[in-house]
Amino acid sequence: MPVKTFRPLTPSTRYIAYADYSDITKAKPEKSLVETRKRTGGRNVYGRVTARGIGGGNKQKLRLVDFKRAKHGVQATVKAIEYDPSSQFAIYALREMLKADGAWAEAIPYFELEQRIVDDPERKLALYQDEANVRRSAGDLAGATVALRNARAEGGATDPALKQFLATIALERVQANQPINEEDRREGAQLFVELAEEYPGDHGLSYAVCALEVEPSNDRAAQLAMYYGEQLNREAEVARHAAAYLKANPGSALAAQAREFVNRLAQQGLIDDSLFDA
């Protein structure tokens with residue numbers, strides 16, 4: 001089923017996507033493939049009302065779906081193509097087919113379609129994470145950033161894996177020389193700093209260095225990188241980032257410490273002092 005998108009003339013139409021129902025062949029469902037949805041009306045087995053406010057409503061039907069697909073050698077007949085607003089299986093199946101074929105960009109609009117009919121917070125969170133992976137594969141790192149922000153807003157704000165994923169997307173945007181605004185830089189660097197504080201040692205050093213790559217002027221990242229570098233005897237790995245921090249933030253409170261750090265390594269012959277202007 002094709003997906004209809006809109007030109008982003010306004011903020012509200014930027015990410016809107018609707019299903020194009022031109023393939024639907026009939027308005028009423030096939031009777032042999034639906035069953036009536038049974039409702040209690042709020043009454044128990046004795047006919048007594050045990051829950052108020054449940055009676056009435058339109059009659060509803062449920063589509064019969066053979067999820068086991070255990071029938072073999074049976075000829076299938078397509079009688080009609082119908083619209084089923086109460087099931088997300090068609091959207092999911094089509095999206096997975098596009099992903100399997102490597103059609104990442106074509107699969108992206110179907111995430112929005114499923115988000116509209118899903119109420120489970122865990123499912124919505126998983127959809128945002130999957131959307132971020134697909135957008136990343138499609139080269140849309142800015143879109144992956146938006147999807148991961150939505151995932152954190154949905155209930156994954158404290159999830160370390162989501163923090164690392166979102167911060168890594170910011171790092172990849174910087175390394176790929178893609179446009180990235182200051183807000184996204186600060187967000188990515190701050191997430192790396194939080195991870196560096198939470199996971200000390202080798203992991204903390206790696207996170208602090210990544211934070212400096214995203215935002216070279218980050219004070220806390222520079223402080224953590226120099227501290228972990230000295231603790232792990234890996235100061236030479238930090239020297240280039242400390243020099244970049246000096247150039248980006250020469251008047252900071254840590255400037256003197258960073259300058260002493262770089263010059264000391266140059267005097268010890270651990271780095272080439274011609275590479276640094278400290």
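Each chain has its residues counted from 1, running along the sequence as written. Per-residue local features are limited, in this predicted model, to residues with pLDDT of at least 70; the limit for side-chain atom pairs, both in listing and counting, is 80 or more; totals at the level of whole chains, interfaces and linings are taken over all residues. No hydrogens and no water enter the side-chain calculation; it runs on all heavy atoms of the structure.

Undergrad: Explain the overall build of the protein residue by residue, including any values.
TA: The helix and strand tally for the protein stands at eleven helices and four strands. Radius of gyration means the value over C-alpha atoms here, while the globule rule gives 2.2 Å times the residue count to the 0.38 power. Computed over C-alpha atoms, the radius of gyration of the protein comes to 28 Å, more than 25% over the 19 Å expected from 2.2 N^0.38 for 278 residues, which places it beyond the range of a compact globule. Counting only C-alpha atoms and orienting by the principal axes, one finds that the protein spans roughly 85 × 45 × 45 Å. For every residue, the accessible area obtained with a 1.4 Å probe (protein chains only) is divided by the maximum for its type, and the residue is called buried under 20%, exposed over 50%, and partly exposed between those limits. Burial status across the protein gives 34% buried among its 278 residues. When charges are counted, neither His nor the chain ends are considered; positive counts come from Lys and Arg and negative counts from Asp and Glu. A single reference atom marks each charge: NZ on Lys, CZ on Arg, CG on Asp, CD on Glu. Positive and negative side-chain charges in the protein, numbering 38 and 39 respectively, have mean positions lying 14 Å apart. Secondary structure counts use DSSP, requiring at least four H or I residues in a row for a helix and at least two E residues in a row for a strand, with both numbered from the N terminus.

Undergrad: Pulling in residues and values, what's your account of unusual backbone geometry?
TA: Despite not being glycine, N177 has its phi angle at roughly 55 degrees, a positive value. Topologically, N177 is positioned in the loop between α6 (160–175) and α7 (182–198). Taking the relative accessible area as the measure of exposure, N177 reaches 71% and is therefore exposed.

Undergrad: Report on empty space enclosed by the protein, specifying residues and quantitative values.
TA: Both cavities and pockets are sets of points on a 1 Å grid over the protein atoms alone; in a cavity a 1.4 Å probe fits but cannot get out, in a pocket the set is open with protein on both sides within 12 Å along at least five of seven lines, and lining residues sit with an atom within 4 Å of a point. Grid points are joined across faces, edges and corners, and a volume is the space filled by probe spheres set on the points. Counted under the stated rule, the structure contains one cavity of 30 Å³ or more. Considering only enclosed or pocket space, the largest cavity measures out at about 40 Å³ in volume. For the largest cavity, the full set of lining residues is T145, L166, A170, R173, D184, E187 and G188. Of all the elements in the fold, those that place two or more residues in the lining of the largest cavity are α6 and α7. In this count, Pro and Cys sit with the nonpolar residues alongside Ala, Val, Leu, Ile, Met, Phe, Trp and Tyr, while Asp, Glu, Lys and Arg are called charged and the others, Gly among them, polar. Within the lining of the largest cavity, the residues separate by chemical class into two nonpolar, two polar and three charged.

Undergrad: An account of the packing of aromatic side chains is needed here, citing residue identities and associated values.
TA: Each Phe, Tyr or Trp ring (for Trp, its six-membered ring) is paired with any other whose centre lies within 6.5 Å, and the angle between the two planes then decides the class: stacked below 30 degrees, edge-to-face above 60, tilted in between. Scanning the entire structure with this criterion turns up two aromatic pairs. A ring has a charge above it when a Lys NZ or an Arg CZ is no more than 6 Å from the ring centre and no more than 35 degrees off the ring normal. Sitting above the plane of the F111 ring, R95 keeps its charged end 4.5 Å from the centroid.

Undergrad: Describe in detail the nonpolar core, supporting the description with residues and values.
TA: One finds L148, F192 and F261 to be the most contacted residues of the largest nonpolar core, which totals 49 residues. Elements with a minimum of two residues in this core: α4 (121–137), α5 (141–156), α6, α7, α8 (202–214), α9 (219–231), α10 (235–248) and α11 (255–267). The residues contacting F192, other than those within four sequence positions of it, are A167, T168, L171, Y207, C210, A211 and V214. By convention a nonpolar core is built from buried Ala, Val, Leu, Ile, Met, Phe, Trp, Tyr and Cys residues, the set being connected through side-chain atoms within 4.5 Å. Two residues qualify as a contact provided that any one of their heavy atoms is within 4.5 Å of a heavy atom in the partner residue.

Undergrad: Report on a positive patch on the surface, specifying residues and quantitative values.
TA: Together, K28, K31, K59 and K61 make up a region of like positive charge exposed at the surface. Tracing the sequence through the fold places K28 in the loop between β2 (17–19) and β3 (34–36). By definition, no residue in a patch forms a salt bridge, and every one has over 30% relative accessible area; like charges are joined within 9 Å, nonpolar side chains (Val, Leu, Ile, Met, Phe, Trp, Tyr) within 5 Å. With residues, only the protein chains shown are counted as cover, and all accessible areas are computed by Shrake-Rupley using a 1.4 Å probe. Between Lys or Arg on one side and Asp or Glu on the other, a salt bridge is scored when a side-chain nitrogen of the former is within 4 Å of a carboxyl oxygen of the latter.

Undergrad: A description of the layout of surface pockets should follow, citing residues and the corresponding values.
TA: By volume, the second largest pocket amounts to about 520 Å³. Together, 25 residues line the second largest pocket, and R14, Y15, I108, E131 and R135 are the ones closest to its centre. When contributions to the lining of the second largest pocket are tallied by element, the ones reaching two or more residues are α3 (109–117), α4 and α5. Among the elements that take part in the lining of the second largest pocket, α5 stands out by supplying seven residues, more than any other. Looking at the lining of the second largest pocket residue by residue, the classes come out as twelve nonpolar, five polar and eight charged.

Undergrad: Lay out α9 with the relevant residues and their values.
TA: With 13 residues, α9 extends 19 Å between its outermost C-alpha atoms, agreeing within 8% with the 18 Å of an ideal straight helix rising 1.5 Å per residue. Along α9, the positions that sit buried rather than exposed are A221, A222, L224, A225, M226, Y228 and G229. Residues of α9 that are buried make contact with α7, α8, α10 and α11. Counted as a polar contact is a pair of N or O atoms within 3.5 Å, where, for protein atoms, one must be capable of donating a hydrogen and the other of accepting one, and residues adjacent in sequence contribute only when both atoms are in side chains. Put simply, N218 is the residue that caps the front of α9, since its side-chain oxygen is 3.2 Å from the backbone nitrogen of R220. Expected span of a helix, by definition, is 1.5 Å for each gap between consecutive residues, and there is one gap fewer than residues.

Undergrad: I'd like a rundown of the packing of helix α1 (residues 89–100) against α3, residues and numbers included.
TA: Interaxial angles span 0 to 180 degrees and are taken between N-to-C directions of axes, which are lines fitted to C-alpha atoms, for helices over the stretch in contact. Between α1 and α3, the least distance of the axes is 10 Å, while the angle of their chain directions is 160 degrees. Between α1 and α3, the angle is such that the two are roughly antiparallel. When the axes of α1 and α3 are compared, the crossing they make is left-handed. On α3, the residues touching I91, Y92, L94, R95 and L98 of α1 are Y110, F111, L113, E114 and I117. Should an angle lie under 35 degrees it is considered roughly parallel, over 145 roughly antiparallel, and from 65 to 115 roughly perpendicular; all remaining angles are considered oblique. Less than a right angle of anticlockwise turn of the near helix away from the far helix marks a crossing as left-handed, whereas a clockwise turn marks it as right-handed.

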